[in-house]
Amino acid sequence: MQANKRYGLLLSSLILITVIYNGYKWAHQYEADHFANDEYKNADRTKHTALEMVPKQAVQNLLSYSEQDYYESNSEELVPSPTDRHASRTRIYKNRKCRMDTCFDLERCRRTGFKVYVYPDVGEKTSTNFQNILASLRASQYYTSDPEKACLFVPAYDTLDRDHLSADYIHNLGAKISRLKYWNNGKNHIIFNLYSGTWPEYLEDVGFNLGEAILAKASFGDNYYRHGFDISFPLIGKTHPHMQGTQGFLKANYFPPRRKYLLSFKGKRYTYGIGSSTRNALYHIHNGDDIIILTTCKHGKNWQSFSDQKCETDNEEYEKWDYQSLLHNSTFCMVPRGRRLGSFRFLESLQAACIPVVLANGWKLPFDEVIDWSKASLAWEERLLLQVPGILREVQDNRIMLLRQQSQFLWDKYFSSMDVIIRSTLEIIHDRVFPEQARPAFAWNSQPGALYFNSDTAPSSYPFYHGLLGVDAPMKFTAVIQATAPVTSSAAPIVKLLRNLVQSSSCNEIVVLWHCGKPPIPNDRWRVLVPQDGAHEIPIRVIDDQPKTMGRRFLPRQFTTDAILSLDDDVMLNSQEIDFAFDVWRSFPDRIVGFPARSHFWNSSKSKWVYTSKWSNSYSIVLTGAAFIHRYYLKLYSEWLPPSLRKTVDETSNCEDILMNMLVAHVTRLPPVKVTQKKQYKDTSASQPYVNHAGVVSRWSDPRHFAERQTCMQSFEAWFGYMPLISSETRFDPSLYKDNVSVTRKKYPKIEI
Amino acid sequence: MSVKLKPVHHKVILVLLLLSGVALIFKFNWNYQSKSREEFRMETLHINSAHDLPVTQISLDGIQPSDKADLNCKMYNCFDIYRCGSDENHPNKMKVFLHPLSQYTDESGASITPSLSKEFVEMYYAIAQSDYYTGDPDNACIFIPPVDMLNQNRLNVQKVGQLLTKLPHWTRGTNNLIFNFLPGNSPDYSTAIEVPHNKAIIAGGGFSHWTYRSTFDVSIPVYSPLVKGVKLQQETDGLIRKWLLISSQTNIHPEFRQELETLASSSSDFLLLDKCRNVPEDVPLQFTRCKNDEQKKYPEILQEGTFCLLLPTSRLGQSALMESMQAGCIPVFACDTYILPFSEVLDWSRASVLIREDSLPDIMNILRRIPHEQVVLMKKQVEFLYTSYFTNIPAITMTTLQIINDRVFPHVATTYEKWNNPPSSNSVQSPLFLPLISPKEDGFTAVILAYDRVLSLFQLIKSIDKVPSLRMILVVWNNQHKAFPARNEWPIIEHEWKVIQTSSNELSNRFFPYNEIKTEGVLAIDDDIIMLTTDEIEFGFQVWREFNDRIVGFPPRLHIWGDDGKMRYVSDWTNDISIVLTGAAFYHNYYNYLYTYKMPGGIKDWVDNHMNCEDIAMNFLVSNYSGKAPIKVTPRKKFKCAECATGGSLSLDETHMVER
């Protein structure tokens, strides 16, 4: 018995120990596995904590690295004063060592705002590209004709080609530039350059003393580039379009994304001199199957005297292939350095949606200060050329999809025309001068690009970044009513509209812009006319707007929400129509979402775009008399569009909707969205003159009104440089719209009644 | 009452005991061994005896230190990339070699190197523990010199420079990595460590844009030993903190201090702190700050500020940065020439405010203009960056190595999103983000999953054949026991068609990116759905073209076909749809690929094992990737309405499903 008990006891305690031990281990193991598998549980943090467990005995007697120094500067006089520091920096860091805070008069810019002055034209030869640069600068929102108010100065001398063997080279430029009235050793000036240096060294030297001027230069090498001061400019051909450029090649996102050839290159081979080692080695990776490397020795006057034994066969093969078709049929395009670091090929590949593989050690890719090129290209170490085929084969299809789409996005937004190139350049400098207004990195690298960025808008208050930032689209909206008819009775259309609006579940505030000749009725009358349940009262704010011009409905005022419902005062919409449209808008906050729509089409006999209000199968304009628009577009309308276009709207009291639709489509490259509506909107392309309740003839029935809209369409198109409007054929209905189910189950039954 | 055990049981128990004993011993032993391997590494590197290091005597007579930093250094001209191979166990991971730690003395016995700091040992330990570590210098890509250079004040710059050249793998600094928090010393305070290091990479705190060799050096935060002991309180989300701005640095220049005092006198929401003049002796100085005579606990007080100001002092890097970030206080940098920590990869504009030093008088206005929602996002971002990359020495060390590793293996480099988007956020970007409307003329491919219902299949093929935008019909024959009908039995149709015999009856076969599919648009349709008309399908395609990153499907009413051959209505009508059944739906062929190859953990297997829910899985996949809801298309002809001319209408639900 005793023995049994002992055994039993021993056994159970043994089991207990095993259980505890293993249990502990399992628990531990579980924890470890759990964290290891769960990427989203801040794996990094646990990893770091694990690494932190230094054996106690190793560090217990050790001091911290800063132990004696924590109060190192108790003696404040040892700390150099900021003024002295700045002065000594400015003394030392000049010319080749320029940085924004030593060579650029920032204080001047703070005083003047970011304004750009262009010197008057000079009687020198000027290339088309440079003419376009000057034209874009002069059309920029930052342009000023007053040098006293300028922050940045642009000489009108064509500095693009500084290869003195070239025909466009201007001689004696240094002297001419230094005589410029505000030159001041180049301070706050910018010099544009595409080619610098020449055979045989191709030094990155523009041939005159830049002093403290910012150099915006193509093919920048990072050892010549002054950090955060110069600008790496894209290398473009002589015929780069000025305004609306060539579109990207990609018209559809075909899957699988791999094209016929994995990698291709067609270009010059240098048998000697700078850059020859890179291009001479390329043939090693040619396999004649999916990697096509074609080189020619035929360039320069006496190429034959430098040719080697490979040249003849190379040249022959070279002639057989078409460069464009290679670009369009290759997944990746090799962009090796030439005599200079950059080559035209880079942008050509980008446009062709052929992912650039850059082999040019030290080349600063265009605008790399802001553009994340790793999302659209692959920069590879020249020394590791032979690894390229293997690496490219490893790239997975989903990565190719991303790289390719990004290449098209970047091309379209920042390189497709001289105009966007110049705009990008100015925005980069702007953000350096006003760092507190600088765009976040993602604004440059995601739709719709940084050129529409508004410095006083927080990123979460844009219609584009909800997904990226992981935040919700706005939950509430502000109704902005443009009132043109006086309120004579409780039967006035605006009163009906207001009564419907206050029933909306998402309306936060109502703003009435009083655009009627008669004075507005007092506030307490509104209260009587539009009775509200006290608990959920929606404030009605009446603004007696001056001047009473059409465009002021898009003034970005102090609204409490980012979602704006823009309304005419005679719109008939019930609260459910409004709520449903708002629901749809929340899915498409970057588009105009509204009710009545119009369209445009190409009239081939007149060869121009025309506007139509006829019913058709598609639409491209949603009228802004009843539409949801993100507040951000109001800002763009008022601040980004040129005053001339806004003036057209104000003078005719017309076309504001066309302009707004063009603007939004230009930014998003997407059509507006039309939602279903119970009643017909007031203007049904009626042939009858339509007189509303107040006896005012609707502007829509005036034939002049229609003719004006045609004119508007064409003048707006001229400014954009193309027709931005895009057509859609779809209309959005509520899920159970007109379905054969009980009304009580429907969320928006009132739309159907 | 006890049960009497028979002798045979005794034996059994004995054997059991013995076995478990052996098992335990084995376990402990195994444990012990694995531990000792680790211990062995610590022993070789002398990490365990950091406070009592072996002495190495080295003669520095006549030794020339390396040249000063080569400011032209980039990875392609100062770095030997050929050293950095990729091994099979850890692909695309560079190898880091650690020299054994040692106390170096010259011939007279005087120390050349300072005693090791706690942080340096922690750094060494972190690397030794990580996947980067290698004990084989011939295999290494990066070398860490065994000299604690974290604080230049503790170094004899010249002698350490000489010593470095004596290290076996120094080679003018090539592929060597030096960590340094505090560079320079009085009175010039250089912004990069002044130990002659030529081509060595510096992971330094406090670079200016003159000394920083961009994409070569790494700018790191100045580690604050204070953060280790601090326990901070939990805070409710969106809370507005007491102070808009706090300045807590103690050693700022009187010129700045004067400006700040002017600010403090005019702004009630600015808290200006300084060091305390009269504190009890038992309170360490660094744990207090004073507003005049009012004492505050530091760094806890930072939790009461929304923004924390960081000005340059004698150096550019500030340990107060870590203290602020730990407290969830958004840093405001007014430090003109400073290279922000890890700015090569981190997007500081999302987690800080950057102003010029001369805008200091305007700072309160700049901060007040930032909307509340933005402040909330920034604060979250600060917390995310802090816990991921700053929180302790290992975090800083590993982030530094990751940055260099990404340069060495750029094709697998960490993306902007991975560095900057908190993994817990709902951040999502559609995989088809380019605003392209699919070309009309490209048409679509119909993929029909068929098993044995040949009659309805043929009927379906005939009716789909009439859809104008159809390009091709692909029948996926999912039946392994019954062959599909012979070619001459099939209806004669105009369009190209093909049958694919699958090797196993898995539902996921319908979502495979078959090579035959040449169009962007795919119509997945069950073989029993024959009541969709030509117009309806054509319309569905036209809608999908405009919303081609979503699923566009038809309402279930149209395609529930009972076994008895009668049409049945589904009773479940709802207002919010988040799933469109793929019994008949358009989607992008790319989603076939994502479904087959990129669907997270085991979902595809589950679907195939259970023969169910493949449509739900597809819907989840699409909304997960795109963050967008499906669209239901409802063609209708029977209602007369003003807009009927648009050809139809469609429905949309507003619930975005972002399942993570």
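Preceding this section is the structure that the text describes.
Residues numbered from 1 in each chain as written. Chains lettered and ligands numbered in written order. Predicted model: local features only at pLDDT ≥ 70, side-chain atom pairs only at ≥ 80, totals over all residues. Heavy atoms only, no water.

### Quick word on the packing of aromatic side chains
Working step 1: Inspection of every chain in the model, using the stated rule, returns 69 aromatic pairs over all chains.
Working step 2: Centre to centre, the rings of F477(A) and F628(A) are 5.0 Å apart; their planes meet at 85 degrees, and the pair counts as edge-to-face. Residue F477(A) is found in strand β14 (residues 477–483), and its partner F628(A) is found in strand β22 (residues 626–630); the two are separated by 151 residues along the sequence.
Working step 3: Given a relative accessible area of 0%, F477(A) falls into the buried group.
Working step 4: A relative accessible area of 0% means that F628(A) is categorised as buried.
Working step 5: Centroid distance F541(B) to W544(B): 6.1 Å. Interplanar angle 25 degrees. Geometry classified as stacked. With a gap of three residues between them, F541(B) and W544(B) both fall in helix α12 (residues 534–546), about one helical turn apart.
Working step 6: Taken together, the aromatic side chains of F192(A), F233(A), F346(A), W363(A), F367(A), W373(A) and F415(A) make up a single cluster linked through ring pairs.
Working step 7: The ring of F220(A) has K217(A) lying over it, and the distance from NZ or CZ to the ring centre is 5.1 Å. (Phe/Tyr/Trp six-rings, centres within 6.5 Å; stacked < 30°, edge-to-face > 60°. Helix = DSSP H or I, 4+ residues; strand = E, 2+ residues; numbered from the N terminus. Buried < 20%, exposed > 50% of the residue type's maximum accessible area, 1.4 Å probe, protein only. Lys NZ or Arg CZ within 6 Å of the ring centre and 35° of its normal.)

### Focus on the packing of helix α7 (residues 128–139) of chain A against helix α15 (residues 418–433) of chain A
Residue and element names in this part refer to chain A.
Working step 1: At a minimum axis distance of 9 Å, the contact between α7 and α15 shows a crossing angle of 55 degrees. The pairing of α7 with α15 is recorded here as oblique in orientation. Both α7 and α15 take part in a crossing whose hand is right-handed. Mapping the contact onto sequence places N129, N132, I133, S136 and L137 in α7 and M418, D419, I422 and L426 in α15.
Working step 2: Residues belonging to the contact of α7 with α15 are distributed by class as follows: five nonpolar, three polar and one charged. (Axes fitted to C-alpha atoms, helices over the stretch in contact; angles between N-to-C directions. Parallel < 35°, antiparallel > 145°, perpendicular 65-115°, else oblique. Left-handed = near helix turned anticlockwise from the far one by under 90°. Contact = heavy atoms within 4.5 Å. Nonpolar A, V, L, I, M, F, W, Y, C, P; charged D, E, K, R; others polar.)

### Concerning unusual backbone geometry
It is generally the case that most residues other than glycine have a negative phi and that most peptide bonds are trans.
Working step 1: At the junction of F255(A) and P256(A), the peptide bond is cis and its omega measures out at 0 degrees in the coordinates.
Working step 2: On the secondary structure map, P256(A) appears in the loop between β8 (231–233) and β9 (261–268).
Working step 3: Residue P547(A) is reached from Q546(A) by a cis peptide bond, and omega for that bond is -15 degrees.
Working step 4: With respect to the secondary-structure elements, P547(A) resides in the loop between β16 (540–543) and β17 (563–568).
Working step 5: The phi dihedral of R669(A) falls on the positive side, at around 60 degrees, and the residue is not glycine.
Working step 6: When you line up the elements, R669(A) lands in the loop between α23 (656–668) and β23 (673–675).
Working step 7: The exposure class of R669(A) is buried, given its relative accessible area of 18%.
Working step 8: Its identity is not glycine, yet R172(B) carries a phi of approximately 55 degrees, on the positive side.
Working step 9: Of note, R172(B) is situated in the loop between α4 (157–166) and β6 (177–180).
Working step 10: Judged by its relative accessible area of 56%, R172(B) is exposed.

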